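# Coordinate analysis (summary)
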Amino acid sequence: DQQVKQNSPSLSVQEGRISILNCDYTNSMFDYFLWYKKYPAEGPTFLISISSIKDKNEDGRFTVFLNKSAKHLSLHIVPSQPGDSAVYFCAASAPYGGSQGNLIFGKGTKLSVKP
Amino acid sequence: DARVTQTPRHKVTEMGQEVTMRCQPILGHNTVFWYRQTMMQGLELLAYFRNRAPLDDSGMPKDRFSAEMPDATLATLKIQPSEPRDSAVYFCASGLVLGSPLHFGNGTRLTVT
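Computed from a predicted model, the values in this text were never measured in an experiment.

### Digging into the overall build of chain A
The helix and strand inventory of chain A stands at zero helices and eleven strands. Going from the N terminus to the C terminus, chain A shows its helices and strands as β-β-β-β-β-β-β-β-β-β-β. Taking 115 residues into account, the globule formula puts the C-alpha radius of gyration at 13 Å, and chain A, at 13 Å, falls close to it. Over its C-alpha atoms, taken along the principal directions, chain A stretches across nearly 45 × 30 × 20 Å. Out of the 115 residues belonging to chain A, those deemed buried represent 46%.

### Side note on the pattern of salt bridges
Residues and elements named next belong to chain B. For the structure shown, the criterion picks out six salt bridges over all chains. In this structure, Glu 44 engages Arg 36 in a salt bridge whose closest nitrogen and oxygen atoms are separated by 3.3 Å. Owing to a relative accessible area of 22%, Glu 44 belongs among the partly exposed residues under this scheme. Among the salt bridges present, the one from Asp 86 reaches Arg 64, with a minimum N-O distance of 2.6 Å. Within this pair, whereas Asp 86 is found in the loop between β8 (74-79) and β9 (88-95), its partner Arg 64 is found in the loop between β6 (53-56) and β7 (65-71), the two being separated by 22 residues in sequence. Owing to a relative accessible area of 1%, Asp 86 belongs among the buried residues under this scheme. It is possible to trace a salt-bridge network through shared partners that takes in Arg 64, Glu 83, Arg 85 and Asp 86.

### Considerations on the sheet that holds strand β6 (residues 56-59) of chain A
Residues and elements named next belong to chain A. Within the open sheet, the five strands sit side by side as β1-β3-β8-β7-β6. Their pairing is antiparallel. Taken across any chain shown, the strands that pair with only one partner, and hence form the sheet edges, are β1 (4-5) and β6. Here strand β7 (residues 62-67) runs beside strand β8 (residues 72-77); their pairing, made up of six bridges, is antiparallel. Each bridged residue has a counterpart across the sheet, and for Thr 63 the counterpart in β8 is His 76.

### Let's talk about the nonpolar core
Core analysis: the largest hydrophobic core is formed by 24 residues, its most contacted members being Phe33(A), Trp35(A), Leu73(A), Leu75(A) and Tyr88(A). Counting only elements with at least two residues in this core, the list comes to β3 (19-25), β4 (32-38), β5 (45-51), β7, β8, β9 (86-93) and β11 (109-114) of chain A. Sort the elements by how many residues they give to this core and β9(A) lands first, with four residues. Setting aside chain neighbours within four positions, we find Tyr88(A) in contact with Gln6(A), Leu21(A), Trp35(A), Tyr36(A), Lys37(A), Leu47(A), Leu75(A), Ile77(A), Gly108(A), Thr109(A) and Leu111(A). Ranked by size, the runner-up nonpolar core spans 22 residues in total, among them Cys23(B), Phe65(B), Ala67(B) and Leu77(B).

### What to know about the packing of aromatic side chains
As enumerated under the stated definition, the model contains 13 aromatic pairs over all chains in all. Taking 5.7 Å as the distance between ring centres and 40 degrees as the angle between the ring planes, the aromatic pair formed by Tyr35(B) and Phe104(B) counts as tilted. With Tyr35(B) in strand β4 (residues 31-38) and Phe104(B) in strand β10 (residues 103-104), the pair connects residues that are 69 residues apart, well separated along the chain. According to the relative accessible area criterion, Tyr35(B) is buried, its value standing at 0%. Note on Phe104(B): relative accessible area 9%, which makes it buried. Taken together, the aromatic side chains of Tyr36(A), Phe46(A), Phe89(A), Phe105(A), Phe33(B), Tyr35(B), Tyr48(B), Phe91(B) and Phe104(B) make up a single cluster linked through ring pairs.

Scoring rules and cut-offs
Residues numbered from 1 in each chain as written. Chains lettered and ligands numbered in written order. Predicted model: local features only at pLDDT ≥ 70, side-chain atom pairs only at ≥ 80, totals over all residues. Heavy atoms only, no water. Helix = DSSP H or I, 4+ residues; strand = E, 2+ residues; numbered from the N terminus. Rg over C-alpha atoms; globule rule 2.2 N^0.38 Å. Buried < 20%, exposed > 50% of the residue type's maximum accessible area, 1.4 Å probe, protein only. Salt bridge = Lys/Arg side-chain N within 4 Å of Asp/Glu carboxyl O. Pairing = 2+ DSSP bridges. Core = buried A, V, L, I, M, F, W, Y, C linked by side-chain atoms within 4.5 Å. Contact = heavy atoms within 4.5 Å. Phe/Tyr/Trp six-rings, centres within 6.5 Å; stacked < 30°, edge-to-face > 60°.

Encoded structure:
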């Protein structure tokens, strides 16, 4: 039973356009959400996070949106660049685990940005 | 730039052999996590330590897996005996308790034949 779901295994976008990666969760106790980026043969790298008290967090080209009523979050990358090509993992954390304790990950979405 | 260091990067072993994976967390971090990445399951949490004490190892097959932190600079994940279904990439990550991101190592790619 997956608590964090990324239903699109892959996404292809043209350079300069917007990339939108989606994530759904089922556990209403999750209060902290993160996106990680992973290149081949490397570990995941933290990208951006959002607390459940917010509905938007922005960092440069990256924006995360949270819709708690829909239990949905999305990562927007604009403009997309070829270097953004990677696997993106959505993750969620519940308060009983402490800050980022018991981080639950989705299966990832592979983003390809074509020049 | 501080990093989580994992050794070995690659390990090929035969079924039934013991495998030990090592992790050096970032100095000063007091939480350590072990994750396993497979094609089918994505990133699964295996075990989690805070201040070297195990807090959650419910994701780990208890009969063959064990995780320890002998000291603050070393975390180990041991599989004995190993099985082909254990083939995966194993990641270690460390972090601070209060609100900072997890930092992942580059993983150990384990192949059990």
